[in-house]
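Now for the letters of each chain:
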Amino acid sequence: MNYTEIEKISAVPAPASMIETFRAIGYSLDTAVADIIDNSISAGAKNIYVDSQWEGGGSIITIFDDGCGMNCDELIDAMRPGTKHPLDDRDEKDLGRFGLGLKTSSFSQCRMLTVLSKKKGYAPVYWTWDLDYVNYSHTWELLRYIPEGYSTFLDDKESGTLIIWSKLDRILPAETSISDNGALGKFTEAMERVKHHISMTFHRFIEDKQIKLHCWNKSILPWNPFLIGESATQALPEDYISGGATMKGYILPHKSKINDGIYKYAEGLNGWNAQQGFYVYRGKRLLLAGEWLGLFRKEEHYKLARIMIDLPNKLDTEWQIDIKKSTARPPMVCRDQLRSYALRVRSQACEAYRHRGRIIKQKSGQMFQPLWLDKKKGDKWSFVVNREHFLIQEFKELAHTDPDKAMEQVLRFIEETIPIKSIFIKESESGENQTKPFEGADNDIIIIIKTIYKNQITIGKTPEQAKAFLLNLEPFNNFPELITSI
Ligand SMILES: Nc1ncnc2c1ncn2[C@@H]1O[C@H](COP(=O)(O)OP(=O)(O)O)[C@@H](O)[C@H]1O
Ligand SMILES: [Mg+2]
């Protein structure tokens, strides 16, 4: 097209409504703080401090890093929405993408964003976006303003950046009183969630000692989803996903194999069931924690399955990494690979859940003796008592000398060990496909029915009475035709 010959008219976005749109991107406080920390890590920070000051509606959240910082021009550029092009090639280690994170994540939580930054060899500099001013002036203008008490914060530091969120309208209404203890409790709880979220999102950076994270001046320990340090954790071999990503499955230990502290630690904030699934990392940064990516549902008996996926950042577009860096969608070509790998991990996790993590073949060379076996015939399933089990042999012996006791012990043994969990799992997986009593065993049932019938006649019942007796006797009530045809 020849643009020079075409008439043009300017259609600049209206600042106030544009900024309101930014606010609606859907960050939570946790994901917003994580996005700010991404910038700190990209800036080479070694220490990152997340803090909050309670002042009721005037409360403040700050994130300070000792990274390379920015000079005045760089800071102004950083404050511009869309400062970098999303399709630009980024450094392998760069956690940014859209050139929006600083602004959108901040505006999602607050109406005022101040950045104070110092680059080595430069004086500290600050600028502020105040949405109330943007609304009032209808201009894209930064203010030379910093909340009281912060202007000298970087004076004694070599370099670094301080992000200040004030007017936290999305977390605390402006009129919240400083003595409102209910609001303070909620605010503190929200900050605790932030702490957990970042200890998870950046756990590999903390473990590799690349960064130290601090919150309220205490260091944050890494939250590793895979309990790799536990000897009862099972790891599957790593596998490749087309396009250059990798995956590695972990079966976490059954509750009976770890102490209560570790069990609680591993359940995170949302509980074991919620934490199952894929953990998608980009670089070392966790994007998505515990999701089956639309391939499966979360179910109780798969709660020990967690799969690590590592994506290089060149796959952002294919995996549809969103602005918030909190969702990803695997490309079609990978879905079958992910599904078949996950099926293996899930089935092993289900075994660990059912058998309390017992490994079927014991180290001593002795075979493990299950009490119940699952039996499949066509698409029907049932559970049978393992006739080879040591105890069954014992009961047989006992029956010769004390049949009453043997019978009582067999019944007790069945009552105590019915595999309720396994039955529940099978039921939820294969629906109504369990076999009915004596299904497909007509000969067996006829012989039993006839024997009972004969015994009833022998004790003086009429044929009608004997049949009525059988029709009311479980499980023979399921076979009325057999009974009436005798
Ligand atoms: N803490 C920081 N230290 C140094 N530079 C920063 C920091 N935060 C942001 N920047 C600069 O601002 C730019 C814009 O950040 P952002 O809006 O988050 O977009 P993106 O991270 O996608 O580039 C970054 O690319 C970086 O150059
Ligand atoms: Mg960023």
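In case you missed it, the structure is sitting above this.
Model, not experiment: these values are computed from the prediction.

Draft legend 1. Structural context of the pattern of salt bridges. Enumeration according to the criterion identifies 18 salt bridges in this entry. Residue Asp-77 is joined to Arg-80 by a salt bridge in which the shortest nitrogen-to-oxygen separation is 2.6 Å. The exposure class assigned to Arg-80 is partly exposed, which follows from its relative accessible area of 45%. For Lys-264, the salt bridge identified is with Glu-267, shortest N-O distance 2.7 Å. With relative accessibility at 17%, the residue Glu-267 sits in the buried group.

Draft legend 2. Fine view of the packing of helix 11 (residues 390–401) against helix 12 (residues 403–417). Close contact between helix 11 and helix 12 brings their axes to 6 Å; oriented N to C, the two are set at 155°. Compared by their axis directions, helix 11 and helix 12 come out roughly antiparallel. Residues Leu-391, Ile-392, Phe-395, Leu-398, Ala-399 and Thr-401 of helix 11 pack against Pro-403, Lys-405, Ala-406, Gln-409, Val-410 and Phe-413 of helix 12. Partitioning the contact of helix 11 with helix 12 into residue classes produces nine nonpolar, two polar and one charged.

Draft legend 3. Region of the structure containing the packing of aromatic side chains. Scanning all chains against the criterion turns up 14 aromatic pairs. Look at Phe-107 and Trp-129: their rings are 6.4 Å apart centre to centre, the planes differ by 80°, and that puts the pair in the edge-to-face class. In this pair, Phe-107 is assigned in helix 4 (residues 101–109) and Trp-129 in strand 4 (residues 125–130), connecting sequence segments 22 residues apart. A relative accessible area of 1% places Phe-107 in the buried class. The exposure class of Trp-129 is buried, given its relative accessible area of 3%. When the ring of Phe-226 is compared with that of Tyr-279, the centres are 5.5 Å apart and the planes differ by 75°; the resulting orientation is edge-to-face. Of this pair, Phe-226 sits in the loop between strand 7 (218–219) and strand 8 (234–235) while Tyr-279 sits in strand 11 (residues 277–282), and the two are 53 residues apart along the sequence. Relative accessible area serves as the criterion here: at 1%, Phe-226 is assigned to the buried category. Residue class for Tyr-279 comes out buried when judged on its relative accessible area of 0%. Members of the aromatic cluster, joined through ring pairs, are Tyr-49, Phe-64 and Phe-153. Over the ring of Trp-127 we find Arg-144, and its NZ or CZ is 5.2 Å from the ring centre.

Draft legend 4. Focus on the pairing of strand 2 (residues 60–65). The buried count for strand 2 comes to six of six residues, which makes it a mostly enclosed element. Where burial is concerned, the two faces of strand 2 agree: the one with Ile-60, Thr-62 and Phe-64 and the one with Ile-61, Ile-63 and Asp-65 are both buried. Inspection of the sheet shows strand 1 (residues 47–53) paired to strand 2 by six bridges, in the antiparallel sense. Bridged to Ile-48 within strand 2 is Asp-65. Counting the residues in the hairpin turn of strand 1 and strand 2 gives six residues, including Gly-56, whose phi is positive at 60°. Note: strand 2 against strand 5 (residues 160–166), five bridges, orientation antiparallel.

Draft legend 5. Up close: unusual backbone geometry. Cis geometry marks the peptide bond from Glu-474 to Pro-475; its omega dihedral reads 0°. Examined against the element boundaries, Pro-475 turns out to sit in the loop between helix 15 (463–471) and helix 16 (480–484). For Lys-209, which is not a glycine, the phi torsion comes out positive at approximately 60°. Checked against the element boundaries, Lys-209 lands in the loop between helix 7 (203–207) and strand 6 (212–215).

About the cut-offs
- Residues numbered from 1 in each chain as written.
- Chains lettered and ligands numbered in written order.
- Predicted model: local features only at pLDDT ≥ 70, side-chain atom pairs only at ≥ 80, totals over all residues.
- Heavy atoms only, no water.
- Salt bridge = Lys/Arg side-chain N within 4 Å of Asp/Glu carboxyl O.
- Buried < 20%, exposed > 50% of the residue type's maximum accessible area, 1.4 Å probe, protein only.
- Axes fitted to C-alpha atoms, helices over the stretch in contact; angles between N-to-C directions.
- Helix = DSSP H or I, 4+ residues; strand = E, 2+ residues; numbered from the N terminus.
- Parallel < 35°, antiparallel > 145°, perpendicular 65-115°, else oblique.
- Contact = heavy atoms within 4.5 Å.
- Nonpolar A, V, L, I, M, F, W, Y, C, P; charged D, E, K, R; others polar.
- Phe/Tyr/Trp six-rings, centres within 6.5 Å; stacked < 30°, edge-to-face > 60°.
- Lys NZ or Arg CZ within 6 Å of the ring centre and 35° of its normal.
- Pairing = 2+ DSSP bridges.

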